[in-house]
Amino acid sequence: MYSVYTEKNHSSLTKTLIGEFKDYDEAMDCAENAVEGKPELRYIVEETDGHFNSYGELVTTIVAES
């Protein structure tokens, strides 16, 4: 599962979920379209396999970012 986020000025306070996708190519298309023409935004694509750590947080890996 891939989650697509946008972020403004590299601030985690402005991180916004755009969508969740099963296919990597669909996630990348969404990410690129979300920031197109908006130089203040960047995208982050995270992958998860559904596992949780000992604190109950979903384990994710960043697979792409702008």
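The coordinates are above.
Residues numbered from 1 in each chain as written. Predicted model: local features only at pLDDT ≥ 70, side-chain atom pairs only at ≥ 80, totals over all residues. Heavy atoms only, no water.

Student: A description of the pattern of salt bridges should follow, citing residues and the corresponding values.
Tutor: Applying the stated rule across the entire model yields three salt bridges. Across the salt bridge formed by Glu 7 and Arg 42, the nearest N and O atoms sit 2.8 Å from each other. Placement of the pair is Glu 7 in strand E1 (residues 2–8) and Arg 42 in strand E3 (residues 41–52), with a sequence separation of 35 residues. Judged by relative accessible area, Arg 42 falls into the buried class, the value being 14%. Ionic pairing is found between Glu 46 and Lys 15, a salt bridge with its closest N-O pair at 3.0 Å. You can see Glu 46 sitting in strand E3 and its partner Lys 15 sitting in the loop between E1 and strand E2 (16–21), a full 31 residues away along the chain. Classification of Lys 15 by relative accessible area gives partly exposed; the value is 34%. (Salt bridge = Lys/Arg side-chain N within 4 Å of Asp/Glu carboxyl O. Helix = DSSP H or I, 4+ residues; strand = E, 2+ residues; numbered from the N terminus. Buried < 20%, exposed > 50% of the residue type's maximum accessible area, 1.4 Å probe, protein only.)

Student: Tell me about the sheet that holds E2, residues and numbers included.
Tutor: Ordered by their spatial adjacency, four strands build an open sheet running E2-E1-E3-E4, and the pairing between neighbours is antiparallel. Strands at the two margins of the open sheet, each flanked by one partner only, are E2 and strand E4 (58–65). Taken over all neighbouring pairs, the strand axes of this sheet differ in orientation by 30° on average, direction set aside. Sheet analysis places E1 next to E3, joined by seven bridges and oriented antiparallel. Residue Glu 7 lies in a different strand from E3, and its bridge partner there is Arg 42. (Pairing = 2+ DSSP bridges. Axes fitted to C-alpha atoms, helices over the stretch in contact; angles between N-to-C directions.)

Student: Please give an account of the nonpolar core that cites residues and values.
Tutor: Core analysis: the largest hydrophobic core is formed by eleven residues, namely Tyr 2, Val 4, Phe 21, Ala 27, Met 28, Cys 30, Ala 31, Val 35, Tyr 43, Val 45 and Ala 64. Mapped by element, the contributors of at least two residues to this core are E1, helix H1 (24–35) and E3. Among the elements that take part in this core, H1 stands out by supplying five residues, more than any other. The residues touching Cys 30, leaving out its near neighbours within four places in the chain, are Val 4, Ile 18 and Phe 21. (Core = buried A, V, L, I, M, F, W, Y, C linked by side-chain atoms within 4.5 Å. Contact = heavy atoms within 4.5 Å.)

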